[in-house]
Amino acid sequence: MNKKAKKRYRKKIRKYIVGTSLVILSTGMIVTIYSSTLEDKPFNEYKNETEMLDNHKNKDEPINEKQEEGISEEAYRDENTNENADDNADVEPTLYYYEADKEERYLAYAERYPKLPYEEVVWQVNAGVDQPHYTGVTEITDTEEEIILVNKYHKLPLDFEPKELVPLSSGPLVTPATKEAYEQMVRDAKAEGYSIRGVSAYRSIAYQIDVYNRYLRQDPEEVVDTYSARPGFSEHHTGRTIDLDNIYRTMDEFEHTKEAKWVAENAYKYGFIVRYPKNHEDITGYIYEPWHITYVGIPIATEMKEQGIETLEEYWVKYVDHKKAEF
């Protein structure tokens, strides 16, 4: 992306409009937002800046106060679009989870993925996925929050243990809320003719050290990192994650069972999400694991389902790191 293109992209960053009236940033600032919404279209598909900015303009409203003086909309646009466009380059951003200090990273990520819509560029960079795994790592301090984001950029303290763990009917340990939700899901699944069993749940950090090192003896580190978490970076430490099978097959075969389909369609009703969904390896850092479910609570799981949010990383950026106002 050359200098001129970057300048144009910066302008698009700052003029991007979302369809809400007010948003509350993580800093607590309240920012007014225009109520119209741009089409969900990658920037490089707009022929020029004028097309993007005028795409959703209300044609019934005057383009400017000079129309009453006889200056046509076309003449005004021709006069102002190019020469005066850069005068507005410093307008405050309107995408509520935009972070000004990450602008250069947004630009670099957009250059790598030119067809990615801008709002996706922003949340993915905010989630850290533009950086190599295990860099810029943040240690989690709020380990008793409603949800905990544990991934390759957020690790638990090496002495972390859940406050309380209880056994599932199948044996593995989980938090009490996770157990209650899971046991209800198993009962409802059984009533519909499905057999689900939790075969792995809480793992201590010491146990994960053994697991990870065992895998290293059979695969290179870059391969192991696609299917096993390093110690401190595993969701299993939280006691809120369960690996499933359907009692008749091994866990690796779960993907091809009717139970896997049922879980994918119904887990949210009990507060679970399939944590590592298909085609999101670049976001989660792990291969598709239809058996790996994580308890986040019914309200959050339902909201993710309704909003079409498939990864905890995206939800975290949009609803935890940054709070969107509700009306």
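Up top is the structure.
Residues numbered from 1 in each chain as written. Predicted model: local features only at pLDDT ≥ 70, side-chain atom pairs only at ≥ 80, totals over all residues. Heavy atoms only, no water.

Counting buried positions along strand β8 (residues 241-245) yields five of five residues, so the element is predominantly enclosed. Alignment of β8 against strand β10 (residues 289-295), held across three bridges, turns out to be antiparallel. Bridge pairing in β10 places Thr241 opposite Thr294. (Buried < 20%, exposed > 50% of the residue type's maximum accessible area, 1.4 Å probe, protein only. Helix = DSSP H or I, 4+ residues; strand = E, 2+ residues; numbered from the N terminus. Pairing = 2+ DSSP bridges.)

A separate point is helix α5 (residues 118-126). Counting buried positions along α5 yields eight of nine residues, so the element is predominantly enclosed. Within α5 the residues assigned to the buried category are Tyr118, Glu119, Val121, Val122, Trp123, Gln124, Val125 and Asn126. Two residues or fewer past α5, Gly128 is found with a positive phi of approximately 90°.

Read across the open sheet, the four strands follow the order β7-β8-β10-β9; overall the sheet is antiparallel. A single partner strand is all that each edge strand has here, and the edge strands are β7 (197-200) and β9 (272-276). Across this sheet, the average inter-strand angle for adjacent strands is 50°, counted without regard to direction. In terms of strand pairing, β9 meets β10 through four bridges, oriented antiparallel. Across the sheet, the residue bridging to Val274 is Ile293, located in β10. (Axes fitted to C-alpha atoms, helices over the stretch in contact; angles between N-to-C directions.)

Counted at 1.5 Å a residue, the expected span for helix α6 (residues 176-191) with its 16 residues is 22 Å, and the 23 Å between its end C-alpha atoms agrees. Residues of α6 that are buried include every one of Thr178, Ala181, Tyr182, Glu183, Met185, Val186 and Ala189, and no others. Against β6 (173-174), β7, β8, α9 (258-266), β9 and β10 lie the buried residues of α6. (Expected span 1.5 Å × (residues − 1). Contact = heavy atoms within 4.5 Å.)

Turning our eyes to something else, we now look at the environment of Trp291. Relative to the elements of secondary structure, Trp291 occurs in strand β10. With 48 residues separating them in the primary sequence, Trp291 and Asp243 have C-alpha atoms 5.2 Å apart. Filtering out sequence-adjacent residues up to four positions away, Trp291 remains in contact with Ile242, Asp243, Leu244, Met251, Asp252 and Phe254.

We now examine unusual backbone geometry. Backbone geometry at Tyr134 places phi at a positive 65°, although glycine is not the residue there. Position of Tyr134 relative to the elements: it lies in the loop between α5 and β3 (138-139). For Tyr134, a relative accessible area of 16% puts it in the buried group. The backbone phi angle of Asn279 is positive, close to 65°, even though this residue is not glycine. Examined against the element boundaries, Asn279 turns out to sit in the loop between β9 and α10 (281-284).

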